[in-house]
Amino acid sequence: MQNIMLYDTVNEGNVAKMVREFYAILVEDDLVGPYFVRALGADLKNEKWYEHYQILNKFWLMLMNGEPGYFGDPFGPHAFLGELKSETFERWLELFKELSNKYYTPEIADKFYRKSEILAKQFIERLEITGEEDE
Ligand code: HEM
């Protein structure tokens, strides 16, 4: 799963590639996939997905490089996806970690991971997911 050449900078081109591949992986995942299919549909080439990629590209360029361009509220949509569990976030993080290491040098992949972990924790707190009520 390792690329021969790892990117040592984050730019629009490589972020866009990773974002696309990430969601192709997520929709196939039995835990995380259904949330995306419900919200955006099963066709990864439809308009909603296209818009999602554009938003996420800008989101990552802001978080990683401080580039302006993302004006959204990352938390907002997650409040309306149905019940999200902590293990769903854990799976998301695990798949993201794996993929960011396929694209980027370890330093950059770690930074991606740290950023996403902070957000996942905030989402879990704000959504009041305890992880204890799971059967
Ligand atoms: C359980 C894990 C997650 C699931 C199932 C999930 C699902 C989704 C879905 C379905 C959308 C699109 C909603 C819509 O447009 O109607 C979305 C948007 C988004 N997600 Fe997640 N997500 C998860 C975790 C995360 C994490 C950890 C991050 C941050 C690193 C993140 C960042 C975002 C951002 C930035 C948006 C776009 C928000 C906007 O419209 O401005 N998500 N997510």
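Residues numbered from 1 in each chain as written. Predicted model: local features only at pLDDT ≥ 70, side-chain atom pairs only at ≥ 80, totals over all residues. Heavy atoms only, no water.

Visitor: Describe the coordination of the iron atom of the ligand, naming the residues involved and giving the relevant values.
Guide: Of the protein atoms, His 78 (NE2) alone serves as a donor to the iron atom of the ligand, at 2.0 Å. Examined against the element boundaries, His 78 turns out to sit in the loop between α3 (47–65) and α4 (86–103). (Donors = N, O, S within 2.8 Å, 3.2 Å for Na, K, Ca; no water. Helix = DSSP H or I, 4+ residues; strand = E, 2+ residues; numbered from the N terminus.)

Visitor: An account of the side chain of Asp 29 is needed here, citing residue identities and associated values.
Guide: Mapped onto the fold, Asp 29 is located in the loop between α1 (12–28) and α2 (33–40). With a relative accessible area of 11%, Asp 29 lands in the buried category. Reaching out from Asp 29, the side chain makes a polar contact with the backbone nitrogen of Leu 31 at a distance of 3.0 Å. One polar contact links the side chain of Asp 29 to the main-chain amide nitrogen of Val 32, over a distance of 3.0 Å. When sequence neighbours within four positions are dropped, the list of residues in contact with Asp 29 reads Pro 34, Arg 91 and Leu 95. (Buried < 20%, exposed > 50% of the residue type's maximum accessible area, 1.4 Å probe, protein only. Polar contact = N/O pair within 3.5 Å; in protein donor to acceptor, adjacent residues only side chain to side chain. Contact = heavy atoms within 4.5 Å.)

Visitor: Quick one: what's the story with unusual backbone geometry, residue by residue and with numbers?
Guide: Phi at Glu 128 is positive, roughly 55°, even though this residue is not glycine. Position of Glu 128 relative to the elements: it lies in the segment after α5 (106–126). Overall, Glu 128 belongs to the exposed group, its relative accessible area being 63%.

Visitor: Let's hear about the packing of aromatic side chains: which residues, and what values?
Guide: Following the criterion strictly, the structure yields 19 aromatic pairs and no others. On the basis of an interplanar angle of 75° and a centroid distance of 5.3 Å, the ring pair of Phe 59 and Tyr 70 is categorised as edge-to-face. You can see Phe 59 sitting in helix α3 and its partner Tyr 70 sitting in the loop between α3 and α4, a full 11 residues away along the chain. Each member of the pair, Phe 59 together with Tyr 70, is buried. Ring centres of Trp 60 and Phe 96 lie 5.0 Å apart, and the angle between their planes is 20°; on these two criteria the pair is classed as stacked. Linking Trp 60 in helix α3 with Phe 96 in helix α4, this pair joins segments that are 36 residues apart in sequence. This pair shows no difference in class: Trp 60 is buried, exactly as Phe 96 is. One Lys or Arg, Arg 38, reaches over the ring of Tyr 35 and ends 5.1 Å from the middle of that ring. Of note, Arg 126 hangs over the ring of Phe 75, and the distance from its end group to the ring centre comes to 3.8 Å. (Phe/Tyr/Trp six-rings, centres within 6.5 Å; stacked < 30°, edge-to-face > 60°. Lys NZ or Arg CZ within 6 Å of the ring centre and 35° of its normal.)

Visitor: Quick one: what's the story with the site of the ligand, residue by residue and with numbers?
Guide: Around the ligand sit 25 residues, and of these Phe 36, Tyr 70, His 78, Leu 81 and Trp 92 come closest. One nitrogen or oxygen atom from the side chain of Tyr 70 is found 2.6 Å from an oxygen atom belonging to the ligand. The side chain of His 78 places a nitrogen or oxygen atom 2.8 Å from a nitrogen atom of the ligand. A majority-of-atoms criterion places the ligand in the largest pocket. Broken down by secondary-structure element, the contributors of at least two residues to the shell around the ligand are α2, α3, α4 and α5. With 5 residues, α3 is the single largest residue contributor to the shell around the ligand. (Near = heavy atom within 4 Å. 1 Å grid on protein atoms, 1.4 Å probe; cavity = no way out; pocket = protein on both sides within 12 Å on 5 of 7 lines; lining within 4 Å. Sits in = over half its atoms within 2 Å of the grid points.)

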